[in-house]
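An overview of the molecular structure
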Amino acid sequence: MDAMRITDAVLGQSVLFFRASGFKQLLPIVLSTITDPLGPDPGSSVIKTGEVEYLGQRLVLTQSMILHKQLALKRGLDKIFILSPNVRLEHPKRKESGKHLFEFTQIDFEIAYASMHEVMHFVEDYLKALFSVLSQDHSDVLKKYGRSLPELPSHFPVFKLSDLQSEYGGQWEELKSKEMDVPFWVVSHKREFYDREDPKQPGVYLNYDLIYPEGFGEGLSGAEREYEYERIKMRIERDAKEGLDASKYTCYLELAKEGMVPSAGGGIGVERLVRYVLGAPHVGDVQLFRRVPGERVAV
Ligand code: ASP
Ligand code: MG
């Protein structure tokens, strides 16, 4: 029940903070013709995308609302957030990571015309405000778990992914996370077509992950987005060579033809954040209804 108290506090404070920062809260969608492809990524272990057939249409379960966030901004909204349930059917080996769930909730947000640096600073301010409320109002729970949330610096350390890979190899996330005592950023990951590649420096990606310290690992992914039709088309075609089924994104491309709004945003994994706050061994330990890859669903 302690985990539920902290989850409730995180959700309540997050909604207050995002609203006070001028965001509109949208309702999530769970079924669509399109969703986040989560790749191509050789490191991904999602074994399939959940889908249902309904009245002759194949609909997929939301893996993230990234594409719908872009479409929402196109309708004229400029700062949005969603408490968004995501279904990512991970390989059972992910049980061991301590941080994977096949169903979780993220605070998914997007800001029109923002740069990656604006988003990173916003997230830093959000976490500072959140940690200070949790430390004040829930000190009894934190004490019970032997936790004290760190004093956060005004800006978090930033590392380039390629530098961490050269220094630590493939296990960089775990090793660097164990070494740090404050959250930090890791920038420039080659990943999905919607994360913007710097047109002036091909191979540099304007994206970021937030990594919690003490070995808890990734807590947020986000990016500036590709918004120009020709670039989105090029990125989808490039990913198609690595296995993306481009035909699934024709409706998205058609909409992109009318013009997308430049934006940046990210998604904060709620259960991972609560796990870090409580220092729980596994992220499934903070869920009321466990959704751990490789474990059978009880209820
Ligand atoms: N929500 C993330 C984003 O905004 C994507 C993800 O869920 O990994 O980039
Ligand atoms: Mg991620």
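For the structure itself, consult the block above.
An account of the accompanying structure is given in this report. All values derive from a computational prediction rather than experimental measurement.

Cut-offs used in this document
Residues numbered from 1 in each chain as written. Chains lettered and ligands numbered in written order. Predicted model: local features only at pLDDT ≥ 70, side-chain atom pairs only at ≥ 80, totals over all residues. Heavy atoms only, no water. Pairing = 2+ DSSP bridges. Helix = DSSP H or I, 4+ residues; strand = E, 2+ residues; numbered from the N terminus. Axes fitted to C-alpha atoms, helices over the stretch in contact; angles between N-to-C directions. Contact = heavy atoms within 4.5 Å. Parallel < 35°, antiparallel > 145°, perpendicular 65-115°, else oblique. Left-handed = near helix turned anticlockwise from the far one by under 90°. Nonpolar A, V, L, I, M, F, W, Y, C, P; charged D, E, K, R; others polar. Near = heavy atom within 4 Å. Polar contact = N/O pair within 3.5 Å; in protein donor to acceptor, adjacent residues only side chain to side chain. Patch = residues over 30% accessible without salt bridge, like charges linked within 9 Å, V, L, I, M, F, W, Y side chains within 5 Å. Areas by Shrake-Rupley, 256 points an atom, 1.4 Å probe, with all protein chains shown as cover. Salt bridge = Lys/Arg side-chain N within 4 Å of Asp/Glu carboxyl O. Buried < 20%, exposed > 50% of the residue type's maximum accessible area, 1.4 Å probe, protein only. Expected span 1.5 Å × (residues − 1).

**Thoughts on the sheet that holds strand 1 (residues 24-26)**
Spatially, the eight strands line up as an open sheet ordered 1-6-8-13-12-11-10-9, and their pairing is mixed. The open sheet is flanked by strand 1 and strand 9 (158-160), the only strands paired with a single partner. The average undirected angle you get between the axes of adjacent strands in this sheet is 25°. The sheet contact formed by strand 9 and strand 10 (residues 184-187) spans three bridges and is parallel. Across the sheet, residue Phe-159 finds its bridge partner in strand 10, namely Val-186. Here helix 1 (residues 2-20) sits on the sheet and contacts strand 1, strand 6 (79-87), strand 8 (103-112) and strand 13 (263-269); the angle it forms with strand 6, its principal contact strand, is near 150°.

**Quick notes on the packing of helix 1 against helix 9 (residues 270-278)**
Interaxial distance between helix 1 and helix 9 falls to 10 Å at its minimum, and their mutual angle equals 120°. In this view, helix 1 runs oblique relative to helix 9, as classed from their interaxial angle. As helix 1 runs across helix 9, the sense of the crossing is right-handed. On helix 9, the residues that touch Asp-2, Ala-3, Ile-6, Thr-7, Val-10 and Leu-11 of helix 1 are Val-270, Leu-273, Val-274, Val-277 and Leu-278.

**Some words on the packing of helix 3 (residues 116-137) against helix 9**
At their nearest, the axes of helix 3 and helix 9 sit 13 Å apart, and the two run at 50° to each other. By the criterion of interaxial angle, the relationship of helix 3 to helix 9 is oblique. Crossing of helix 3 against helix 9: the hand is right-handed. Facing helix 3, whose interface residues are Tyr-126, Leu-127, Leu-130, Phe-131 and Leu-134, helix 9 presents Leu-273, Tyr-276 and Val-277. Across the contact of helix 3 with helix 9, the residue classes tally to eight nonpolar, no polar and no charged.

**Re the pairing of strand 4 (residues 51-54)**
Relative to strand 5 (residues 57-61), strand 4 runs antiparallel, the two being bridged by four bridges. Considered in strand 5, the bridge of Val-52 is made with Leu-59. Counting the residues between successive antiparallel strands, the hairpin from strand 4 to strand 5 contains two residues, one of them, Leu-55, with a positive phi of roughly 50°.

**What to know about the sheet that holds strand 4**
Pairing between the strands of a sheet comes from backbone hydrogen bonds, and it takes one of two forms, parallel or antiparallel. Ordered in space as 2-5-4, the three strands form an open sheet in which the pairing is antiparallel. Edge positions in the sheet fall to strand 2 (31-32) and strand 4, since each has one partner strand and no second. Sheet topology note: the strand 2/strand 5 ladder contains two bridges and is antiparallel. Each bridged residue has a counterpart across the sheet, and for Leu-31 the counterpart in strand 5 is Leu-61.

**Details of the environment of Leu-152**
Relative to the elements of secondary structure, Leu-152 occurs in the loop between helix 4 (139-144) and strand 9. The residues touching Leu-152, leaving out its near neighbours within four places in the chain, are Leu-127, Lys-128, Phe-131 and Pro-183.

**A short note on the site of ligand 1**
Every residue lining ligand 1 is accounted for by Asp-36, Ser-64, Lys-69, Arg-88, Gln-106, Asp-108, Ser-221, Gly-222, Arg-225, Gly-266 and Gly-267. Within the side chain of Gln-106, an N or O atom sits 2.9 Å from an oxygen atom of ligand 1. The separation between a nitrogen atom of ligand 1 and a polar side-chain atom of Asp-108 is 2.9 Å. Listed by contribution, the elements that provide at least two residues to the shell around ligand 1 are strand 8, strand 12 (217-224) and strand 13. Of the residues belonging to the shell around ligand 1, the class tally is no nonpolar, six polar and five charged.

**Description of a nonpolar patch on the surface**
Residues Val-30, Leu-31, Val-52, Tyr-54 and Leu-55 make up a contiguous nonpolar surface patch of roughly 500 Å² in combined accessible area. On the basis of relative accessible area, Val-30 is assigned to the partly exposed category, the value being 44%.

**Things to note about the environment of Tyr-276**
Within the secondary structure, Tyr-276 sits in helix 9. Looking at Tyr-276, the relative accessible area reads 0%, which means it is buried. Look past the residues within four positions of Tyr-276 in its chain and what remains in contact with it is Phe-131, Arg-147, Leu-149, Pro-150, Tyr-212, Pro-213, Glu-214 and Phe-216.

**Some points on helix 1**
Its 19 residues place the ends of helix 1 27 Å apart at the C-alpha level, agreeing with the 27 Å of an ideal helix rising 1.5 Å per residue. All of the buried residues in helix 1 are Asp-2, Ala-3, Ile-6, Thr-7, Ala-9, Val-10, Ser-14, Val-15 and Phe-18. Gly-22 sits one or two residues past helix 1 and shows a positive phi near 90°.

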